[in-house]
Structures are given as structure tokens and as C-alpha cells.
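Given next are the chains, with one letter for each unit.
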Amino acid sequence: MTIVELLLLLLIAGLCGTMSQMLSGYSHGGCLVAIVLGFVGTLLGSYLARLTGLPDLFTIDVGARTFPVVWSIVGGVVFSVILGLVTRRRTIVD
């Protein structure tokens, strides 16, 4: 894997993570959190797709790797919703 391929995967994961945050309504961080969310969403979404027997709908080939965009967004939304339910909001009392 070259540096360009790695940067391209990071960019795609960041965009998928940002889309996941926008769809779920839970945003807890910036660019690095969106990239991590994109990769976690890929793992979770691909697992859910294999579990239910659904095919890869939209994948992007980067070098020798494929990145399932739709399942990354779906998995990111599921993970964001779970994080939103588990973590509580802090209330600031003046």
C-alpha cells in the first residue's frame, strides 16, 4: 500500500464517517473522529451485511483493497447511535 492509497482510504473513511455523524445526529469530535468512525463503521457494517446475507452495494477499489461505502455509512450510523445512547450529555449549571 502506497502513501497515496493510504491517504485516499483516510479521505473516504472521513467522508463516510462525516455522513454517518450527520445522519445519526451525534457528533463528538472533528476530522480524526470521523475517520475512526468511518473505519469502525466499515467493520460493523460489513459484519452486519455478511450476517444478513446482503451484497456490497457500492464499493470503491483503492489499490488491492475495497472500501464498502454504503456499509461504512450504515455501520457508522449504528455505532454513532449506540454511542449517543451510552454516553450521557453533561449539563452545565451556572
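Residues numbered from 1 in each chain as written. Predicted model: local features only at pLDDT ≥ 70, side-chain atom pairs only at ≥ 80, totals over all residues. Heavy atoms only, no water.

1. Quick notes on the overall build of the chain
Argument step 1. When you go through the chain residue by residue, the secondary structure sums to three helices and two strands.
Argument step 2. In sequence order, the chain lays out its α and β elements as α-α-β-β-α.
Argument step 3. Dimensions of the chain along its principal axes, counting C-alpha atoms only, are 55 × 35 × 15 Å.
Argument step 4. Taken over 94 residues, the chain has a buried fraction of 30%.
Argument step 5. Within the chain, counting contacts between residues at least 6 apart in sequence, those at least 24 apart form 62% of the total.
Argument step 6. Carbon and sulfur atoms form 69% of the exposed surface of the chain, whose accessible area is close to 6,600 Å².
Argument step 7. Side-chain charges in the chain split into 5 positive and 4 negative, and the spacing between the mean points of these groups amounts to 14 Å. (Helix = DSSP H or I, 4+ residues; strand = E, 2+ residues; numbered from the N terminus. Buried < 20%, exposed > 50% of the residue type's maximum accessible area, 1.4 Å probe, protein only. Contact = heavy atoms within 4.5 Å. Areas by Shrake-Rupley, 256 points an atom, 1.4 Å probe, with all protein chains shown as cover. Lys, Arg positive; Asp, Glu negative; His and termini not counted. Charge placed at Lys NZ, Arg CZ, Asp CG, Glu CD.)

2. Section: a nonpolar patch on the surface
Argument step 1. A cluster of nonpolar side chains, Val 74, Val 78, Ile 82 and Val 86, forms an exposed patch at the surface whose accessible area comes to about 310 Å².
Argument step 2. The residue Val 86 is located in helix H3 (residues 69-86) in this model.
Argument step 3. A residue is classified by how much of its surface remains accessible, and Val 86, at 64% relative accessible area, is exposed. (Patch = residues over 30% accessible without salt bridge, like charges linked within 9 Å, V, L, I, M, F, W, Y side chains within 5 Å. Salt bridge = Lys/Arg side-chain N within 4 Å of Asp/Glu carboxyl O.)

3. Observations concerning the environment of Val 93
Argument step 1. In this fold, Val 93 is placed in the segment after H3.
Argument step 2. Given a relative accessible area of 74%, Val 93 falls into the exposed group.

Bear in mind that shape data such as this cannot, by itself, settle questions of function.
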